[in-house]
Amino acid sequence: MKTDYNKVHVDIKNGVAVLTMNNPPVNQFSADFTQELGQAIMEALDDDAVKALILTGTGGTFIAGGDINLLKAVEKREDILPGLMSLHELFNAFEGGRKPVIAAINGNCLGGGLELAMACHHRVAVPTAKLGLPEVQLGLLPGSAGTQRMPRLVGLQRALDLMTSGRQISADKALLYGLIHEIVPADKLMDKAMEAVGLFQMGLANVRARAVSKNLGRLPSAAEKAAVLGFAKMQIAQKSKGYIAPLKIVEALEKGLTADFQTDIEREAELFADCATSDVAKNMMNMFLTQRSAGRLPRIKDVKPTKPQKVAQLGGGVMGCGIVHLLLAGGFDCVLWDINPEALAKGVESVKKTFAFQIKKKKMKSADLDRLIAEKLTTTTKLEDLGDVDLIIEAVLEDMKVKQDIWLTLEKTCRDDVIFGTNTSALPITEMAGVLKDPGRMIGLHFFNPAERMPLLEIICAKQTSDQTLATSVDFAKRIRKTPVVVNDGPGFYVSRQLGGLMGGGVFLSADGVSGEEVEAAMLDFGMPMGPATLADLTGIDINYHVNKTFEREMGERYKVHPLTQAIYELGDYGRKTGAGFMDYTSGKPVPNPRVKEIVDKYLADNGVEPRKAADGEIIELMLANAINEAALMMEQGICDRPADMDLAMIMGTGFPPFRGGILAYADKWGVKNVYEKLVELEAKYGQRFEPAKLIKDMAEQGKTFYANN
């Protein structure tokens, strides 16, 4: 048989064909790789000299799924089905053949890779392997018989959980579930795979008995199906509103898992095509690819980042302790600075609390945490003790003079190459850096609360931030497992200002007689984790007010604080921290705050406005039009100009629903011309805040879209 493929290396050893799959970077099912692998497998099956096959991968990956770019480009269902069924034919051919096929799982075995492995007759894995069917996280369902083979291996309940969550499991758990047969050290993997071949040759294992598609013993009864899947549908309807794939997975299980495997997989292929051609899947695949390429900027393409190892965190508040958690978890040496020993002691205790989840889930022991803190964390009240650090992250009082005084002291203390990162959420970084001899060493590192859990790091370039500082900051973000989105300095940077644009339309609706409860409900139904009132109560009505006043002061009349916002602020109920805001929290269960209602009612009466119900779609159209316009204004002002990054930031930083693709993806789907016309209508009704950005007007006239033209 042929052995000189480009992406599959074939080595014949004692009648065993070892097929090593090598399609970098992650061994994915691309068109040419799939063709080569299929040809190599079929030739081995047809070669009388070959008695068995072993499939393995290279590096740390067996196979990690399919080529998303290829799938994303497919628009028609009929263009998907032939390729899917061809892959089914290949898997069925070697599973139903006479020769044993062994999966030697050398690393991550995900998506189509696990579906391939499940069609093999024996699966042996290294201890570090991760296994799973994560397709649901891309808006898809497993499309290569995963919905039909996995339940036959591990049972309906476990398969349902793994597929609808997209969760990856360890080799240990996979062995416990029955997904693999053995775990062996990496240096013994091929030896063990050869031993498995011997089991079949000696008659101690049977190819037909190991064919998962023929395993009828694990098929659920009609009653079990109805009970498990009925409950699952109810849960999914509540938790996964807007998503298609979870319910399609349930449908594949509900209508499949019969004695007729071929019909089952044909139905699965149809359901896969439904998902793959949906807007939801396109949006989620776009976001996956954007996240994977985050931080790859032309500006720093050829700049080699430095690798900070010792990092100082200034301030042991909630945000600072979350950042310390990230540093310790990432293996960095960390120095925590605060103003006095009491603050430091409190900070260290708070850092310990950030690890409570890992300890509860038994991913870490309390003794391990104590050892980590003893070995990796030091504390000090003296800025002069930070002379040997490589990076400093500041999260102290939001006061420009306080911050600048700290940086001036540190400039005298630290090496010239130490990067100064500020976690400010509002203060202009260019101004902050202006006191330094070398302002190029300063950058904004805007973490989101809770820092140890939120996946986004907004990196803000001041006007003089150097390319070296930027490159190192982007690399650092990835080292602490954050997704970096780079923007330029400006009021509110990107995320805070964009979130304000999205939620800021609510006050215009309230002032026009629409109830706050109706606005909240509409935003939740749209897919946001909370509406404007709930968010304001959480962050602080006073804080939002001062941010809005800053926008008004720095950006002019468009951002003038609405009179109703002013009146609610003057009430003094600032949200959860004061016991009441838009909601009253004093009785335990939040209820509408009657004091705010009085303010709103008085405003409506004074302005001759009658309470009313919003028209269908009115709330979402106003809120999204304002948000899209704000994004366009920031693009005009040079805050950011990469739509995919902007959408990724909102999804990862604020919980904007991933299935909608982001604010600018939503704009393209709505149609920029329609957005422009809605803004013109809103400006006429509500004033300058909704005046269309020039970019929106120009794009509408020229028929452009954000994604196609940026």
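Predicted model, so just to flag it, every value in this text is computed and none were measured.

Before going further, it helps to examine the nonpolar core. Phe 62, Phe 94, Ile 105, Leu 116, Leu 131, Met 150 and Leu 179 are the most contacted members of the largest nonpolar core, which totals 98 residues. Looking at this core element by element, the count peaks at seven residues for helix H3 (residues 81–95). Not counting the four nearest positions on each side in its chain, Met 150 is found in contact with Leu 114, Met 118, Leu 133, Gly 155, Ala 159, Leu 162, Met 163 and Leu 179.

This part covers the packing of helix H13 (residues 318–329) against helix H14 (residues 341–354). Close contact between H13 and H14 brings their axes to 9 Å; oriented N to C, the two are set at 60°. Classified by the interaxial angle, the pair formed by H13 and H14 is oblique. Like other packed secondary-structure pairs, H13 and H14 cross with a definite hand, here right-handed. Residue-level contacts link Cys 321, Val 324, His 325 and Leu 328 of H13 to Gly 347, Ser 350, Val 351 and Thr 354 of H14. Considering only residue class, the contact of H13 with H14 consists of four nonpolar, four polar and no charged.

Next up on the list: the pattern of salt bridges. Tallied over the entire structure, the rule returns 42 salt bridges. In this structure, the salt-bridge partner of Asp 274 is Lys 248, at a minimum N-O distance of 3.3 Å. Taken together, the positions of Asp 274 in helix H11 (residues 261–276) and Lys 248 in helix H10 (residues 245–255) put the pair 26 residues apart, joining distant regions of the chain. Classification of Asp 274 by relative accessible area gives partly exposed; the value is 26%. Put simply, Glu 630 and Arg 497 hold a salt bridge, and the shortest N to O gap is 2.6 Å. Of this pair, Glu 630 sits in helix H27 (residues 618–636) while Arg 497 sits in helix H20 (residues 495–503), and the two are 133 residues apart along the sequence. By the burial criterion, Glu 630 is buried, and Arg 497 matches it. Salt bridges linked by common partners bring Arg 77, Lys 248, Glu 270 and Asp 274 together as one network.

We now examine the environment of Lys 401. Looking at where Lys 401 falls in the secondary structure, it is placed in helix H17 (residues 400–413). Given a relative accessible area of 56%, Lys 401 falls into the exposed group. Spatially, the C-alpha atom of Lys 401 lies 11 Å from that of Leu 427, the residues being 26 residues apart in sequence. A polar atom in the side chain of Lys 401 sits 2.9 Å from the side chain of Asp 405.

A full pass over the atoms with the stated rule returns 14 aromatic pairs. Centre to centre, the rings of Phe 29 and Phe 33 are 5.9 Å apart; their planes meet at 40°, and the pair counts as tilted. According to the relative accessible area criterion, Phe 29 is buried, its value standing at 10%. Residue Phe 33 is classed as buried on the basis of its relative accessible area, which comes to 0%. Aromatic pair Phe 551 and Tyr 559: ring centres 6.2 Å apart, planes at 75°, arrangement edge-to-face. Assessed through its relative accessible area of 8%, Phe 551 is described here as buried.

Backbone hydrogen bonds are what pair the strands of a sheet, in a parallel or an antiparallel way. Taken together, six strands build an open sheet; the order of strands is S1-S2-S3-S5-S7-S10 and the sheet is mixed. Of all the strands in the sheet, just strand S1 (8–13) and strand S10 (182–183) have a single pairing partner and so form its edges. Direction of pairing for strand S2 (residues 16–21) relative to strand S3 (residues 52–56): parallel, over a ladder of five bridges. Residue pairing across strands places Val 18 opposite Ile 54, the latter belonging to S3.

Here we take up the pairing of strand S18 (residues 483–488). Judged by how many residues are buried, S18 sits mostly within the fold: five of six residues are covered. As defined by bridge partners, strand S17 (residues 456–461) adjoins S18 across six bridges and the pair is classed as parallel. Residue pairing across strands places Cys 461 opposite Asn 488, the latter belonging to S18. You can see the chain leave S17, run along helix H19 (residues 467–479) and come back into S18, and the turn it takes is right-handed.

So, on to the environment of Ile 543. Relative to the helices and strands, Ile 543 is located in helix H24 (residues 541–555). We classify Ile 543 as partly exposed; its relative accessible area is 42%. With 31 residues separating them along the chain, Ile 543 and Tyr 574 place their C-alpha atoms 8.5 Å apart.

Side chains of Lys 130, Lys 360, Lys 361 and Lys 363 sit close together on the surface and give a patch of like positive charge. Structurally, Lys 360 is set in helix H15 (residues 356–360).

The sheet built from eight strands is open, its strands ordered S13-S12-S11-S14-S15-S16-S17-S18 with mixed pairing. Pairing within the sheet leaves two strands with one partner each, and these edge strands are strand S13 (377–380) and S18. Across the sheet, the mean angle from the axis of one strand to that of its neighbour is 25°, orientation sign disregarded. Relative to S17, strand S16 (residues 442–447) runs antiparallel, the two sharing four bridges.

Attention now goes to unusual backbone geometry. Pro 25 follows Pro 24 through a cis peptide bond whose omega is 10°. Relative to the elements of secondary structure, Pro 25 occurs in the loop between S2 and helix H1 (31–46). A cis amide bond links Asn 449 with the next residue in sequence, Pro 450, at an omega value of 0°. You can see Pro 450 is positioned in the loop between S16 and S17. Phi is positive for Asn 14, close to 50°, though the residue is something other than glycine. Within the element layout of this structure, Asn 14 appears in the loop between S1 and S2. For Asn 14, a relative accessible area of 80% corresponds to the exposed category.

The rules behind each value
Residues numbered from 1 in each chain as written. Predicted model: local features only at pLDDT ≥ 70, side-chain atom pairs only at ≥ 80, totals over all residues. Heavy atoms only, no water. Core = buried A, V, L, I, M, F, W, Y, C linked by side-chain atoms within 4.5 Å. Buried < 20%, exposed > 50% of the residue type's maximum accessible area, 1.4 Å probe, protein only. Helix = DSSP H or I, 4+ residues; strand = E, 2+ residues; numbered from the N terminus. Contact = heavy atoms within 4.5 Å. Axes fitted to C-alpha atoms, helices over the stretch in contact; angles between N-to-C directions. Parallel < 35°, antiparallel > 145°, perpendicular 65-115°, else oblique. Left-handed = near helix turned anticlockwise from the far one by under 90°. Nonpolar A, V, L, I, M, F, W, Y, C, P; charged D, E, K, R; others polar. Salt bridge = Lys/Arg side-chain N within 4 Å of Asp/Glu carboxyl O. Polar contact = N/O pair within 3.5 Å; in protein donor to acceptor, adjacent residues only side chain to side chain. Phe/Tyr/Trp six-rings, centres within 6.5 Å; stacked < 30°, edge-to-face > 60°. Pairing = 2+ DSSP bridges. Right-handed = clockwise from strand over helix to strand, strands pointing away. Patch = residues over 30% accessible without salt bridge, like charges linked within 9 Å, V, L, I, M, F, W, Y side chains within 5 Å. Areas by Shrake-Rupley, 256 points an atom, 1.4 Å probe, with all protein chains shown as cover. Lys, Arg positive; Asp, Glu negative; His and termini not counted. Charge placed at Lys NZ, Arg CZ, Asp CG, Glu CD.

So yeah, pure geometry; function would need other evidence.
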